[in-house]
Each structure stands twice: as C-alpha cells, then as structure tokens.
Amino acid sequence: MISPESPVVILGAGAIGCYLGAQWAAAGVPVTLLGRDRLLSLNDTGFAVEGGPDFTGAELARNPKVTTEPAVLANAGLIVLTVKSTALDAAVSQISTFSASHTPVLCLLNGIAPVRRLAAALPEREISAGMVPFNVVWRNASTLRRSSVGEVILERSPATRALSAAIGGSGISLSDDIRAVQYGKLLLNLNNPVNALSGKSLYHQLRERPYRLVYAAALQEALDVYEGAQIAHAKSGPLPANRIVQMLRAPDWLFNTVALRLQKLDPQSQTSMAQDLAAGKPTEIDTINGEIVDLATATGQIAPVNTKLVELVKSASAGGQKTYTGAELHRAVLSTP
Ligand SMILES: NC(=O)C1=CN([C@@H]2O[C@H](COP(=O)(O)OP(=O)(O)OC[C@H]3O[C@@H](n4cnc5c(N)ncnc54)[C@H](OP(=O)(O)O)[C@@H]3O)[C@@H](O)[C@H]2O)C=CC1
Ligand SMILES: CC(C)(CO)C(=O)C(=O)O
C-alpha cells in the first residue's frame, strides 16, 4: 500500500530513479530517493528535470526526499530498484536486511538476468519487472534531461496496478507479457557497447554508418539466437527489429534524415554504458550483450559479434583501448576471423 507513511522508495537513485521519482512525485505520489552522498545537496536545492511529456521546459523537483539511509526501506510501500546490475547483489542484501518481507519490489534494470536473480534471492516477495525505453542523462549535478521518447511498461501485478493508479496512469502501461517486452528492449541495448566505445553521444554515434553496421550485426545475431532459442520479443519503439536492422544499414543521408527524427533523439543523449565507461565504473556488459552470448551457449548456438563486443568493453574497462572510430570498431568486431 503506497501512502505518505509507506512511500515508494527508489533504491539506486541515479538517472532513471531520479527522473521517475520526480515524475511520480509531480503526480502526487509520496517518493523517497535512496542514493549516494552526492545527491544529498538536492534536498536543499531541488533538481531541474527537462524533457518528456510531464516536464515541459525545466521544472524544479523539490518533492522527492533524498536520503542515503537504507533504514527508509523499513516503511516502504513499494521498493523500486534502479541500481545498475553490477550493484544488484548489494542492493538485494539491503532489501533483505532493512525491509519487511511482504514489501513488493519493482525491478527496472535493463537486461533479463537481474529480475531473475532478484526473484531467486527474494522468493517470498512479489517481484515485478519493468522496462524503461527512454534515455536519461545528467546535464550537470542538478539537472536531469530525458533525451529520447517512449512509455514505461510494467508487468501487471497488484503492486504495479497500485502504482499506476496512484500516478493516474500517465506515462506507464501494464503488460501481461513483460518477458517479451524485456527481450525486445534488450535488442536496443545491444548498441550500448557500440555507443560506449565510440566516445560520442548516441545521436552522433548513430549518424555514422560504420558504427551502425556493428550494431546491425549484433542485432541480427541476437534475432537469430532468439529464433534458435524460441524466445519471443515485443516491438520496442515504432519499428519491428528486422526493419531496424535494414534501417541501420541505410546510407547516412537516409538514416540521418528519417530514422533519427523518429526517435526524437537529442544531441546530448548517451547510453548508460557510455556514462559508466567514461566514469571508470563497472559496466552492465555481462547482462546486456553477455545475455545473448549466454543464451547462444545454452542453446548450442554461437554469437561471435556480441562475444567480441563483450571482450572490447571489458578490455576498455581494464585500461585497454577506450574509444574507436567507426572504421576501427567495424574492423575490430566484424573483420576478425
Ligand atoms: N540511463 C538511462 O538512460 C537508462 C538506464 N536504464 C537502466 O536502468 C538502470 C539504472 O540505470 P541509471 O539510472 O542510468 O544508473 P545510475 O548509475 O545513474 O544510477 C544508479 C545509482 O544508484 C546508486 N547505487 C547503487 N547501489 C546503491 C545502493 N545500494 N544504495 C543506494 N544507492 C545505490 C549508484 O551509485 P554508485 O554509482 O556510486 O554505485 C548510482 O548513483 C540500469 O539497469 C540501466 O541499464 C534503462 C533505460 C535508460
Ligand atoms: C534507452 C537506452 C536504450 C539508450 O539510452 C538505454 O536503455 C540505456 O542507455 O541503457
């Protein structure tokens, strides 16, 4: 039950957690943001949120209270998990230690494995999965910007029905097949390492065909692996995945005038993996492209393109080559035997 005494607690208040927390608080939902020290100053100043249908122009979000104290989990009516997958185990242990065993958890992490791991670690809980389609970046220490389009989709459950009712349904839809939605989203995330290794904004990376060809190869490979493993995926965005592959292969003049407009990407957009790699943090590569590699292995298939992307990101994280021109990345991923 969500109420002022039992707020929504967002565990892992970063780009996505703060954006959604501000959006839900603006709709009248009691929200507490549980994050790191650097967020605490936002309690005094508030933070500006730009972009998206609920924030026309920059709006100051003062409502969500920010804390670093996991003890707030004890009174949560709903825990919304928005940490990176690399921080999942520590977050699960905080949930177990501090919250009541009946408190539901909504998992908004990218990838498929995180929600499975969560359900396995907390078998007594109501666990729901969700999918965030759009990109959010910090423009500076107190300004968040949503830089692409789409609607959040949540698995239909008692907890998500209550959340959706509390926010008046806006910006969220409920699904009875969240697994297909997550597998559909994973296909978009296969570009994350390409974006991270380009060192460019998403908008500028996608404008260069050699980068797009690498992403197209990773995406086509994933579609083949899904087919071999009989995995259903939902459409994520306006085009089906096979049309996205075709579109990515189009010449720059066509892609840059048609496809980029459809996504309404703004020039500052940057994938979450690019943000991590640039900040020297561990990346989610194992739960993104690594998921395709694991699925291929489990079903007797191979996934050399995604395997190579995993390798390159791990090498970059370990101090190896961090940025690649389009031609360099194309050669490194697609020209190896
Ligand atoms: N950013 C985006 O545009 C999108 C991201 N996603 C997905 O959403 C998820 C969250 O991504 P994003 O918001 O970018 O991630 P961020 O890194 O911006 O936010 C996570 C925040 O949680 C903090 N944190 C980690 N563990 C804890 C803990 N136990 N207690 C309190 N705070 C904690 C992190 O701090 P620290 O770094 O110091 O550990 C970080 O500040 C990921 O799975 C991502 O793939 C999905 C769609 C779009
Ligand atoms: C929205 C998208 C695909 C790109 O920003 C993303 O999920 C991410 O950055 O991890």
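Along every chain, residues carry numbers that run from 1 in the direction the sequence is written. Each chain takes a letter, starting from A, and each ligand takes a number, starting from 1, following the order in which they are written. In keeping with the predicted nature of the model, local features appear solely for residues at pLDDT of at least 70, side-chain atom pairs appear and are counted solely at 80 or more, and the whole-chain, interface and lining totals rest on all residues. As a rule here, side-chain values cover all heavy atoms of the structure and leave hydrogens and water aside.

## Some thoughts on the sheet that holds strand β1 (residues 8–11)
Line of reasoning, step 1. Each pair of strands is called paired provided DSSP finds at least two bridges between the two strands. Helical segments are the DSSP runs of H or I of at least four residues, strand segments are the runs of E of at least two, and each set is numbered from the N terminus. Overall, mixed pairing links the eight strands, which are arranged β5-β2-β1-β6-β7-β8-β11-β12 in an open sheet. Taken across any chain shown, the strands that pair with only one partner, and hence form the sheet edges, are β5 (65–67) and β12 (172–175). Across the sheet, the mean angle from the axis of one strand to that of its neighbour is 25°, orientation sign disregarded.
Line of reasoning, step 2. Judged from the four bridges that link them, β1 and strand β2 (residues 31–34) form a sheet pairing that is parallel. Bridging across to β2, L11 finds its partner in L34.
Line of reasoning, step 3. In this description, contact between two residues means that some pair of their heavy atoms is separated by no more than 4.5 Å. Angles run from 0 to 180 degrees between N-to-C directions of axes, and those axes are lines fitted to C-alpha atoms, restricted for helices to the stretch in contact. On top of the sheet, helix α1 (residues 15–26) reaches β1, β2, β6 (78–81), β11 (152–155) and β12; it is set at about 165° to β2, its chief contact.
Line of reasoning, step 4. Lying on the sheet, helix α5 (residues 158–166) is in contact with β1, β6, β7 (105–107), β8 (127–131), β11 and β12; it crosses β12 at an angle near 160°.

## Section: the site of ligand 2
Line of reasoning, step 1. Distances are taken per atom, and a residue is near a molecule or strand as soon as one of its heavy atoms is within 4 Å of it. Surrounding ligand 2, one finds N110, P133, F134, N135, K185, N189, N192, T271 and S272.
Line of reasoning, step 2. Distance and chemistry together define a polar contact, namely a pair of N or O atoms within 3.5 Å, with one atom able to donate a hydrogen and the other to accept it when in protein, and with adjacent residues in sequence counting only for side-chain atoms on both sides. Take N192: an N or O atom from its side chain is 3.0 Å from an oxygen atom of ligand 2.
Line of reasoning, step 3. Between S272 and ligand 2, the recorded distance is 2.5 Å, taken from a side-chain N or O atom to an oxygen atom.
Line of reasoning, step 4. Ten residues, namely Ala, Val, Leu, Ile, Met, Phe, Trp, Tyr, Cys and Pro, are considered nonpolar, four, namely Asp, Glu, Lys and Arg, are considered charged, and the remaining ones, Gly among them, are considered polar. Here the residues of the shell around ligand 2 are counted per class, giving two nonpolar, six polar and one charged.

## Remarks on the domain arrangement of the chain
Line of reasoning, step 1. Looking at the chain, the domain boundaries give domain 1 (8–176) and domain 2 (189–334).
Line of reasoning, step 2. A simple way to read buried area is as the amount of 1.4 Å-probe accessible surface that goes missing from two parts once joined, with both sides added. Roughly 1,600 Å² of surface becomes buried between domain 1 and domain 2 when both sides are summed, with 45% attributable to carbon and sulfur atoms.
Line of reasoning, step 3. Among the residues domain 1 hides against domain 2, the three largest losses belong to K84, N110 and V149. Together they make up 31% of the total.
Line of reasoning, step 4. When a carboxyl oxygen of Asp or Glu is within 4 Å of a side-chain nitrogen of Lys or Arg, the pair counts as a salt bridge. The interface formed by domain 1 and domain 2 holds two salt bridges in total.
Line of reasoning, step 5. Note that D266 is salt-bridged to R145, the shortest N-O span being 2.4 Å.
Line of reasoning, step 6. Remark: the boundary between domain 1 and domain 2 carries six residue pairs in polar contact (both at pLDDT 80 or more).
Line of reasoning, step 7. Taken together, the elements giving at least two residues each to the side of domain 1 that touches domain 2 come down to α4 (113–121), β9 (136–140) and β10 (143–146).
Line of reasoning, step 8. Of all the elements, α4 adds the most residues to the side of domain 1 that touches domain 2, at four residues.
Line of reasoning, step 9. Counted by class, the side of domain 1 that touches domain 2 contains seven nonpolar, seven polar and seven charged residues. Just so you know, the domain bounds were taken from an automatic or database domain assignment.

## A word on the packing of helix α6 (residues 178–189) against helix α9 (residues 209–229)
Line of reasoning, step 1. Between α6 and α9, whose axes approach to 9 Å, the crossing angle comes to 155°. The angle between α6 and α9 places the two elements in the roughly antiparallel class. The interaxial crossing formed by α6 with α9 has right-handed handedness. Taking contact as the criterion, the partners of Y183, L186, L187 and L188 in α6 are, on α9, Y215, L219, A222, L223 and Y226.
Line of reasoning, step 2. Of the residues that constitute the contact of α6 with α9, the class distribution is nine nonpolar, no polar and no charged. Any angle that falls under 35 degrees is termed roughly parallel, while one over 145 is termed roughly antiparallel, one within 65 to 115 roughly perpendicular, and all others oblique. The hand of a helix crossing depends on one turn: near helix anticlockwise from the far one by less than a right angle means left-handed, and clockwise means right-handed.

## Notes on the nonpolar core
Line of reasoning, step 1. Residues L187, L190, L197, Y226, L248, I292 and L329 are the most contacted members of the largest nonpolar core, which totals 52 residues.
Line of reasoning, step 2. The element contributing the most residues to this core is α9, with twelve residues.
Line of reasoning, step 3. Beyond its immediate sequence surroundings of up to four residues, L329 is in contact with V194, L197, Y211, V214, L312, Y324 and L334.
Line of reasoning, step 4. Ranked by size, the runner-up nonpolar core spans 33 residues in total, among them V29, F47, L144 and A159. Residues grouped as a nonpolar core are buried Ala, Val, Leu, Ile, Met, Phe, Trp, Tyr and Cys residues, joined through side-chain atoms within 4.5 Å. Whether a residue is buried, partly exposed or exposed follows from its accessible area with a 1.4 Å probe, protein chains only, as a fraction of its type maximum: under 20%, in between, or over 50%, in that order.

## Describing the packing of helix α14 (residues 304–317) against helix α15 (residues 326–334)
Line of reasoning, step 1. Across the interface, α14 lies against α15 with an axial gap of 9 Å and an inter-helix angle of 120°. The angle between α14 and α15 places the two elements in the oblique class. On α15, the residues that touch V305, K308, L309 and L312 of α14 are L329, A332, V333 and L334.
Line of reasoning, step 2. Along the lines of polarity and charge, the residues of the contact of α14 with α15 split into seven nonpolar, no polar and one charged.

## Topic: the side chain of N110
Line of reasoning, step 1. Along the chain, the position of N110 falls in the loop between β7 and α4.
Line of reasoning, step 2. Among the polar contacts listed, one links the side chain of N110 to the side chain of K185, at a separation of 2.8 Å.
Line of reasoning, step 3. Here N110 is in contact with K185, N189, S272 and I288, once residues within four sequence places are set aside.

## Things to note about the site of ligand 1
Line of reasoning, step 1. What surrounds ligand 1 is a group of 26 residues, the closest being I16, Q94, N110, V136 and E284.
Line of reasoning, step 2. In the model, an oxygen atom of ligand 1 is placed 2.8 Å from a nitrogen or oxygen of the N110 side chain.
Line of reasoning, step 3. To measure how exposed things are, a 1.4 Å probe is used in the Shrake-Rupley method; for residues, cover is taken only from the protein chains shown. Here ligand 1, which alone exposes 890 Å², has 89% of that area covered by the protein.
Line of reasoning, step 4. Each residue belonging to the shell around ligand 1 can be placed in one class, and the counts come to twelve nonpolar, eight polar and six charged.
Line of reasoning, step 5. Of the domains in this structure, domain 1 (8–176) and domain 2 (189–334) are the two that each give at least three residues to the shell around ligand 1.

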